[in-house]
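Below are the chains, spelled out letter by letter.
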Amino acid sequence: MGTKATQLRQTTPPTGRSPPAPVRAVAHGWRDPSSNRFNQSNRCPTAWQARHVGPRGASLAPRVADARSGEPPVAEEALEGDLDGLPLPPLSKGPPLVGDFFTFIANQTQYSVERVKELGPVFRLKIFGFNCVVITGDANLRRVLQDERDLLKAVTTKAQLFLQGSSSLSVLDGPPHTRVRRLTAPSFSMAALGTHISDIQATAMDFFSEWAEQPSVKFTDEARRLTFRVISDDILGMDLSAGEAQLIADFTKYIRGIFSFGINLGPFTKYGRAVRSKERMLKSVDKGLEEAKRAAEAGGGGTRGPKLLEKLWKFRDEETGERLTEDEIRDQVLLLLVAGYATTANTLIFLMLELGRNPQVLERLREEQAAVVAAHGPGMSLEALEAMPYAEACVKEGLRVNVVVHGPPRKVVTDFEIEGYRVPAGWTAFPLIGHVTKHGDSRWPGEHDVFNPDRHLTEEGRKPGSWVPFGLGPHVCLGRNLSILEAKIFLATLARYFEASINDLYPEYRTQPREPKDGLPITFTRRSIE
Ligand code: HEM
């Protein structure tokens, strides 16, 4: 099978691109005046001493602060007399009142690069006068998110509780979280997802074909439409195509509301708009639930097996016989719809940009796909997807270079020590998975911005290392298998059958979500395969 060697073309020179940040070897440290040598701990002596009290990583004098939970963050003054000799993490000073809020929120990962060089892996930030701790470093993250689960808990404001529902995985912690997770996770195993592959492939093909009919498409919107269709229709089994545009708009407002100040002034505030959007979204979700219930009662399944909503409805824990209640399913469906489309869409947007900038990568994908089709035929399956290590490496590298989720915020539950500093209960913590994934991997120092999928194909690169874009611990992304599988199907479909031309490969970006301001116009054409 011959291929026409056409790839993504760049038609605009890279004028707007900011040069990669210069790479410096930085020693964070405290210079001992008596010996004039760097203290290995990279900290002042008090902090070094404190860190070595007890086993590394052990929490010092845990003090349960559940009584404080739900209260506003604790101001610094209230803590001054209560430090037990340990210093607070060094403060990153920002403008008065708002502190570093805007620069931090705009891009937490980028913001932290210079701060980590200057202050070390753990530092403090004041947002509107309240203390927050930013935590970076591979081992530190594993400790606070995975190994010592009682240190932090999910942040839940009243607004979030109302919008997301009190049994949503994202607001639960401890045993209630474990229970809902146990009843939901089996539907996201690779084997379970395998039953959806042909549907996702068909959807991807439909979208590419539709795009190829048009002179150009605004890819940021189209990527969201595609990933929304996949999660709502192919995965959950809800036909939402009729009011899809309104629903996506509602979801966008709903997500903004979750991260808002929670003031309900109707259409005049983000939260007010989100409340109205949620009402409309719930109507669609309830309709989908009713259909899934009917299908389950009628034996269900259809020709391609049950979709996720029906599976959730039917699933019972073999040992305990437990199942999710209707309210619990409704909350998870809302969460899956929210978590399951914008993140993956963002990944596809930046993958398209990287393919445009690196045409040799697309050529390698085409070669891999030719071999996969020869061995497995055109229909995709779990086996066919497993035979695409290069496509998988591209997705992993896309998730490394473009940070989708910077750092899930948490509430500090007990006072604890980290890197020789004391973090008091009540603070907000930002364990920065984005920073660790992109900048904290010792396997490839100094190459943070370079898109190089091959790094994931070496023996060393196959180890997870600091690559943690989906988080760690009990809240690790439930949809991580799905997200990678979906992006691989997208790349495979593009590489096999389509060409794409991007006008501006170095566009300006907007924030929240970070994406090209111009909507990333792309011209797709069918690829002639001889
Ligand atoms: C590129 C795509 C994605 C990225 C980078 C991503 C990232 C993350 C991260 C970092 C978390 C952990 C949040 C925390 O610790 O609080 C998370 C949680 C979650 N994600 Fe994803 N996600 C992606 C796609 C998806 C998809 C496609 C789905 C579902 C269909 C999904 C469903 C979830 C759910 C349900 C949770 C909450 C898990 C829990 O709290 O137990 N995500 N995701």
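Residues numbered from 1 in each chain as written. Predicted model: local features only at pLDDT ≥ 70, side-chain atom pairs only at ≥ 80, totals over all residues. Heavy atoms only, no water.

> I'd like to hear about the site of the ligand, residue by residue, with values.
Around the ligand, a shell composed of 29 residues is seen, among which His177, Arg181, Arg410, His475 and Cys477 lie nearest. Between the ligand and Arg181, the relevant distance is 2.7 Å, taken from an oxygen atom to a side-chain nitrogen or oxygen of the residue. Interatomic distance of 2.6 Å between a side-chain N/O atom of His475 and an oxygen atom of the ligand. When residues of the shell around the ligand are traced back to their parent elements, those giving at least two are helix H6 (174–184), helix H13 (326–339), helix H14 (342–357) and helix H20 (480–497). In the shell around the ligand, the residues fall into 17 nonpolar, 10 polar and two charged. (Near = heavy atom within 4 Å. Polar contact = N/O pair within 3.5 Å; in protein donor to acceptor, adjacent residues only side chain to side chain. Helix = DSSP H or I, 4+ residues; strand = E, 2+ residues; numbered from the N terminus. Nonpolar A, V, L, I, M, F, W, Y, C, P; charged D, E, K, R; others polar.)

> Tell me about the pairing of strand E13 (residues 498–502), and please be specific about residues and values.
Counting buried positions along E13 gives five out of five residues, so the element sits mostly inside the fold. Burial along E13 is two-sided: Phe498, Ala500 and Ile502 and Glu499 and Ser501, pointing in opposite directions, are all buried. Bridge count between E13 and strand E16 (residues 521–526): five bridges; the pairing is antiparallel. If you follow Ser501 over to E16, its bridge partner there is Thr523. (Buried < 20%, exposed > 50% of the residue type's maximum accessible area, 1.4 Å probe, protein only. Pairing = 2+ DSSP bridges.)

> Please set out the UniProt feature "binding site: heme" (unreviewed entry) in the chain residue by residue, giving values where relevant.
Summarizing the sequence annotation, UniProt attributes the feature "binding site: heme" (unreviewed entry) to Cys477 in the numbering used throughout. Residue position: Cys477 is located in the loop between helix H19 (459–462) and H20. Residues within four places of Cys477 in sequence aside, it is in contact with Arg181 and Phe470. (UniProt positions renumbered as here; feature names shortened; annotations may be inferred. Contact = heavy atoms within 4.5 Å.)

> Can you explain the pairing of strand E12 (residues 428–431)? Please cite residues and give values.
Neither face of E12 is exposed, since Thr428 and Phe430 on one face and Ala429 and Pro431 on the opposite face are all buried. The pairing of strand E9 (residues 410–412) with E12 spans two bridges and is antiparallel. Looking at the pairing, Arg410 lines up with Ala429 of E12.

> I'd like to hear about unusual backbone geometry, residue by residue, with values.
At Glu419, a position not held by glycine, the phi torsion is positive, near 55°. When you line up the elements, Glu419 lands in the loop between strand E10 (416–418) and strand E11 (421–423). Of note in this structure, Leu520 is not a glycine but carries a positive phi near 50°. Relative to the helices and strands, Leu520 resides in the loop between strand E15 (515–516) and E16.

> Tell me about the side chain of Lys438, and please be specific about residues and values.
Among the structural elements, Lys438 can be located in helix H18 (residues 433–439). What makes Lys438 buried here is its relative accessible area of 10%. Within polar-contact distance, the side chain of Lys438 engages the backbone oxygen of Val401 at 3.0 Å. At 3.2 Å, the side chain of Lys438 forms a polar contact with the side chain of Asp449. Those residues in contact with Lys438, other than ones at most four positions away along the chain, are Arg400, Val401, Val403, His448 and Asp449.

> Before we move on, could you go through the packing of aromatic side chains and cite the residues and values that matter?
On inspection of all chains with the given rule, the structure shows 18 aromatic pairs. Here Tyr111 and Phe123 contribute two aromatic rings whose centre-to-centre distance is 6.4 Å and whose plane-to-plane angle is 45°, an arrangement assigned as tilted. Here Phe123 lies in strand E5 (residues 122–127) and Tyr111 lies in helix H3 (residues 108–119), a separation of 12 residues in the sequence. Here Tyr111 falls in the buried class, since its relative accessible area comes to 7%. Overall, Phe123 belongs to the buried group, its relative accessible area being 0%. The interplanar angle of 80° and the centroid separation of 6.2 Å between the aromatic rings of Phe251 and Tyr254 together place this pair among those described as edge-to-face. One end of the pair, Phe251, and the other, Tyr254, are both in helix H10 (residues 244–258), three residues apart, so they sit about a helical turn from each other. (Phe/Tyr/Trp six-rings, centres within 6.5 Å; stacked < 30°, edge-to-face > 60°.)

> Go over the pattern of salt bridges with me, naming the residues and quoting the values.
Inspection of the entire model under this criterion finds 34 salt bridges. Of the charged contacts, one joins Arg179 and Glu322 as a salt bridge, the two residues approaching to 2.7 Å between their closest N and O atoms. Taken as a pair, Arg179 in helix H6 and Glu322 in the loop between helix H12 (308–314) and H13 lie far apart in primary sequence, 143 residues in all. Between Glu210 and Arg225 there is a salt bridge, with its nearest N and O atoms 2.7 Å apart. Taken as a pair, Glu210 in helix H8 (residues 197–212) and Arg225 in helix H9 (residues 219–236) lie far apart in primary sequence, 15 residues in all. You can call Glu210 partly exposed: its relative accessible area is 35%. (Salt bridge = Lys/Arg side-chain N within 4 Å of Asp/Glu carboxyl O.)

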